[in-house]
Each structure stands twice: as structure tokens, then as C-alpha cells.
Amino acid sequence: MFQVLTISQKISLVRKGICLFFILLFMYSAKSQNREYNADLDLLLSELEVRHPSLYNTTDKSDFIKAINILKSKTSSLTKNQLLLEIEKILSLVNDGHTTLLLFASNEVNYTRLPFKLWKLNEGYVVLSTVEKYNILKGKLITHIDRNSIYDLEQAFKNSFAVENEYGHSVLMQEYVTVPALLQAKGLISDTSNIKIIYQDLNGKIDSMVIGTILRNEYLRLPFIEENEAVPKWLQNRGKKFWKEFDSQKNILYIQLNSSDIGGLEAQLRDFSREILEEVKDGKVKKIILDVRRNFGGSYIRTRPLFHSLLAINQLNPDIPQYVFIDNYTYSAGAYIAGELNEHTNALFVGKPTSGKPQFFGDLHRLKLPHIGITVRYSRLAQVSTNVYDSRPAIMPDLYASYSYKDFFYKDPCFELLDIADKKSLDSGLLFCYQRYGIDSLFTYYNLIERDSINTYSFNETTLLSISGHIDSKDRIKLLEFNTSKYPWSWMGFVSLGDAYMAAGYKNEAEQVYKKAFKINKYAIQWRELKFNEYLKGK
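A quick note: this is a predicted structure, and the numbers were derived from the prediction, not measured.

### Focus: the overall build of the protein
Reasoning step 1: A tally of helices and strands in the protein yields 16 helices and 14 strands.
Reasoning step 2: With the C-alpha coordinates of the protein rotated into their principal frame, the extents come out at 105 × 75 × 50 Å.
Reasoning step 3: Every one of the 539 residues in the protein was classed for burial, and the buried ones make up 49%.
Reasoning step 4: Considering only residue pairs separated by 6 or more positions, the protein has 68% of its internal contacts joining residues 24 or more positions apart.

Right, dumping it as C-alpha cells:
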């Protein structure tokens, strides 16, 4: 006998049925979405393998595929922003700053931003500009965002986005830390609308306030810095892609190339470059400065007229010293023109290491992941500088500039280094230390001089190699191992160490370091030759 349901029981049963329907619908939708997301990850892998010039340049193929598969196994447990950060982290394995999501700049996610623009100094991140509501923050150091110190934030985002070297990390950090949605995805903040910050002024006074966010378009409209007469020359004229000025008192021709993205201005740059040649002809110019500290890239081909003019001056007027001001913000095509001048002229480089490498990937193209709804930027070509043996991770300065909070808005540290005399050789000091006190004391002396007198003595990948022939054979391997620890990007250092291992009879060790040299530079063929000789012996 069937039980007759009351009206209330029927209503309850219908409600349960509706709830069950929506639960099942949600589960189906979630599974369907996961399948679509995973299909996008498969697309990412298959397309980058075809489109990128060397996807596995610095990471093993198996490690890259493993990272993709791990992400596919957990897409269901991630928020959209967490998923995007995980994809960005996988792309960082390529070690190519152009192969990235560049989330803070994406129109597709269009994140709201904290209401200020930052710049990295020795002491931390300073506010360059902000909206009127938060004018009190202008020129202040941001020490904490919510409960996180700036140092904690840097560590949280370590290896989280694509850069070409360590110097590029702080450049992108100043953007990523102003995106509350990404801070929340990292578990660093909970409220993305009202965020407590702690800041410090020039006198060391610490204060705090709760701030809101602004739309991305409003953030993009913020000026780079509020220009005035007190601001150093290099921070002025941000709106100009290139400009110059002759200081008639010091006879210095100052040229600033703020961007290599000069589409439509090619004719003007050619005229600009010819004007530089004419100015030098009248004999008044005694020094030339090219400043590319704010040049984050564009097209190096379009800026070649400027390079050719400076190259011609260097060849025809070698007595006129040239200086190139570089910084962590010098990247891509900006780093390329710096690298070419480094290779083909006797220009002195002043500033900080560039975030771009001499040999890099570029020619930016895009791949849309349709279900995730994000576009991946990727490199299509290898951009090779004239010196194919140059394996440095950055263009290194001859003279290192220090940007302090106290002086940033009033002094240019690069200009203050122009009168430094020629740097001294370390060779005699290192050899004296070794002969008197031994190999370990040489290492200590080297580290102390590097820390305290980097603008007095010459430091580069050949400094220690040049004295290795004067070191006893029992200590030579130690010296060359120390050299590879200081310059892990130097294929020459690993080849020299491999030669020393071979001379000492350590064939296995030699094979390993030769292989490292070959991985850094394919023209270091000692490893290939070793393997080929083994093959011939086995036949």
C-alpha cells in the first residue's frame, strides 16, 4: 500500500530534487571545465614545442612535461588566479622573459591595482606616483603589504614568473605586488578591496594606512614620476622615446633612449642619429653618454641608426670617451643595443646589470588558450648578438652604481662615477696573497675586495683564469672550482676546470663539467669530442 504524501512532503521532495539536480549540474560543469582546462594545457605544450625556437634550452623536456601533468591533476582544486600563476610558474622554466603570461599587463584578466607605481632601490620599493587621494605615500618606502614584509613578498614570488636572470625579478616584482588578486591567490592577503600597508619616510618615521584599489586603466595613466627641476635628468622626459642634450659647461652630450619601440618614428631617429654625428664634428663634445636605463625593449632593428652613429664616432674619434648607462630595467632590445656597444666599442658601462641577456629569445608572438581565456606570449626566434660566445646572464657594468633612498630623487649615481680613474688589476694582489698565505686566503681576499672595492678593481670571468697558470697544480683545481662558483654562467670557466681535471686524471669529473660548458654554449665542444673519442674506441 502506497503512502499518500502531504502537500508539505511533496514540496520538500521537489526541493530536494531541485537541489540534487543543481549539485549534479555543478559537478558535471566542474568536470567539463577541468577537461577543457587540461585540453588547454595540452595545447600549450604541443604548440610551444613547435613554435618556440628552443623550449628545452635550460630545462629537461621530462621536467617540463612533468610540471604540466602535475598541474593537470590539480586543476579542479585551484581558483582561476591560482591556475594562472601555476601556468606562469611552468613558463618560467623556459628561462625566457618573453615566454610568459605577464599577468599584470593582461587585458583578459584586467586586474585592479594598488594605487601607486613602485621602483626598486637599495632599501626597498619607493612610491614614484599615486592618485591624489593617497598623495601622502608619494616618495615613501613601502615596507609591508598587509602582514607581509616586502622581503617576504619577494620570497613568495620567487620563481613564479618568467625572467632571464636574477636582476629581472625585482623589476617584475614592483608590478606583481600591486595586484591584490594575485596576492590573494598566493595566500598572502584575504581582503582584496581594503589593504593595510606600512610605509617609511626619509627620516625613518614609520606609519600605516588602509588603502583601496584602482582600475587597471587608471593605474596605466599614472605618471612614471612627478617631474620637476630637482629630479635628476635621467628621470625626466619619460614621454619621449629618445632625446638628447648638450651640456656646454662640461662638454657632455647626453643621449637617452627610453624605448626601442619606435614604430612610426624611424625617420626621426635617423635624423636624430645624423645630428649626433654633426655635433661631434664641431669639436666641442668631450664625452658622450647613452642612457638606456629605462629601455625595456621594442625593436633593436629600428634603433640601429643610433648604434651605427655611436660606432662611427668610436672609430673616427676614439679619444672621445663613451659611456653607456644601464640598469636592471634595461631589457630585450634595450639590452641588445647595449650588448652590441659592449662588443664593438670601448664604451665604459655604468650602472647595474641588465635584466636582459646578450643572447636571448625574442620576436614576440601570441597563443590563445581558449577555455582558460588567457593569451600566452612566446618567443619565435633566437636573438643572437655578434659575439656568439657571450654567455653572460646580463650586460655587466664596469662601474657599479648604488641607488639609495636618500639620494634617488636628487642625484644620479651614474654621473657621479664618470670621473673614476681606470680600474686596477687584481692579479698581483691575488698572487701575493696566495704565495704568502695560501689558496683559502686568496678566496677570502677576492670576496672582500669584490664586496668593498668593486669600482676600484676589475672583476670578470677571466680574472681568476688569468692567474691559474701561476698556481700550483695541487691548488689549481680548487681555484677553478671557486671560479665556476663565482661565474656559473661562464662556459670558459667550466672548460678550464675540465682541462684541469683531465690533466689530473679525473676523467669522470672532466666529462661532467665539459657537459655543463656545452649546455651553456654549444660552441664549447670538448664534451662532444670526449664522447666521440669514446665511441671510436668502442668500435
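### Considerations on the nonpolar core
Reasoning step 1: If you look at the biggest cluster of nonpolar residues, it comprises 60 residues, and the most contacted ones within it are Leu-44, Ile-87, Leu-103, Phe-116, Ile-142 and Ile-145.
Reasoning step 2: Those residues within four positions of Leu-44 in sequence are excluded, and the remaining contacts are Ile-68, Ile-87, Leu-91, Leu-367, Leu-369 and Val-376.
Reasoning step 3: One finds Leu-128, Phe-408, Cys-414 and Leu-417 within the second-largest nonpolar core, a separate group that totals 28 residues.

### Description of helix H12 (residues 439-452)
Think of an α-helix as turning once every 3.6 residues; residues three or four places apart then point the same way.
Reasoning step 1: Between its first and last C-alpha atoms H12 spans 20 Å; for 14 residues at 1.5 Å apiece the expected length is 20 Å, and the two agree.
Reasoning step 2: Within H12, the full set of buried residues consists of Ile-439, Leu-442, Phe-443, Tyr-446 and Ile-449. In an axial view of H12, the angular spread of the buried residues amounts to 135°, which keeps them on one side of the axis. Turned more than 90 degrees away from the buried face of H12 sit Asp-440, Arg-451 and Asp-452, all of them exposed.

### A closer look at helix H2 (residues 61-73)
Reasoning step 1: For H2, with 13 residues, the first-to-last C-alpha span of 19 Å sits near the 18 Å given by 1.5 Å per residue.
Reasoning step 2: Residues of H2 that are buried: Phe-64, Ile-68 and Leu-71. For H2, the arc enclosing every buried residue in end-on projection is 65°, short of the 170-degree limit, so these residues lie on one face. Opposite the buried face of H2, by more than 90 degrees, sit the exposed residues Ser-62, Lys-66 and Ser-73.

### What to know about the sheet that holds strand E8 (residues 252-257)
Reasoning step 1: If you trace the six strands from one edge of the open sheet to the other, you get E7-E8-E9-E10-E11-E14, paired in mixed fashion. Of all the strands in the sheet, the pair left with one neighbour each is strand E7 (242-247) and strand E14 (399-400).
Reasoning step 2: The sheet contact formed by strand E11 (residues 348-351) and E14 spans two bridges and is parallel. Across the sheet, Gly-351 pairs through a bridge with Tyr-400, a residue of E14.

### Here's the deal with the environment of Lys-233
Reasoning step 1: Relative to the helices and strands, Lys-233 resides in the loop between helix H7 (216-221) and E7.
Reasoning step 2: Take Lys-233: its relative accessible area is 28%, and that puts it in the partly exposed class.
Reasoning step 3: Along the primary structure Lys-233 and Asp-440 are separated by 207 residues, whereas in three dimensions their C-alpha atoms are 45 Å apart.
Reasoning step 4: Ignoring anything within four residues of it in the chain, the contact list for Lys-233 reads Trp-243, Glu-245 and Tyr-254.
Reasoning step 5: Within the structure, Lys-233 has its side chain in polar contact with the side chain of Glu-245 (distance 2.3 Å).

The rules behind the values
- Residues numbered from 1 in each chain as written.
- Predicted model: local features only at pLDDT ≥ 70, side-chain atom pairs only at ≥ 80, totals over all residues.
- Heavy atoms only, no water.
- Helix = DSSP H or I, 4+ residues; strand = E, 2+ residues; numbered from the N terminus.
- Buried < 20%, exposed > 50% of the residue type's maximum accessible area, 1.4 Å probe, protein only.
- Contact = heavy atoms within 4.5 Å.
- Core = buried A, V, L, I, M, F, W, Y, C linked by side-chain atoms within 4.5 Å.
- Expected span 1.5 Å × (residues − 1).
- Arc of directions from axis to C-beta.
- Pairing = 2+ DSSP bridges.
- Polar contact = N/O pair within 3.5 Å; in protein donor to acceptor, adjacent residues only side chain to side chain.

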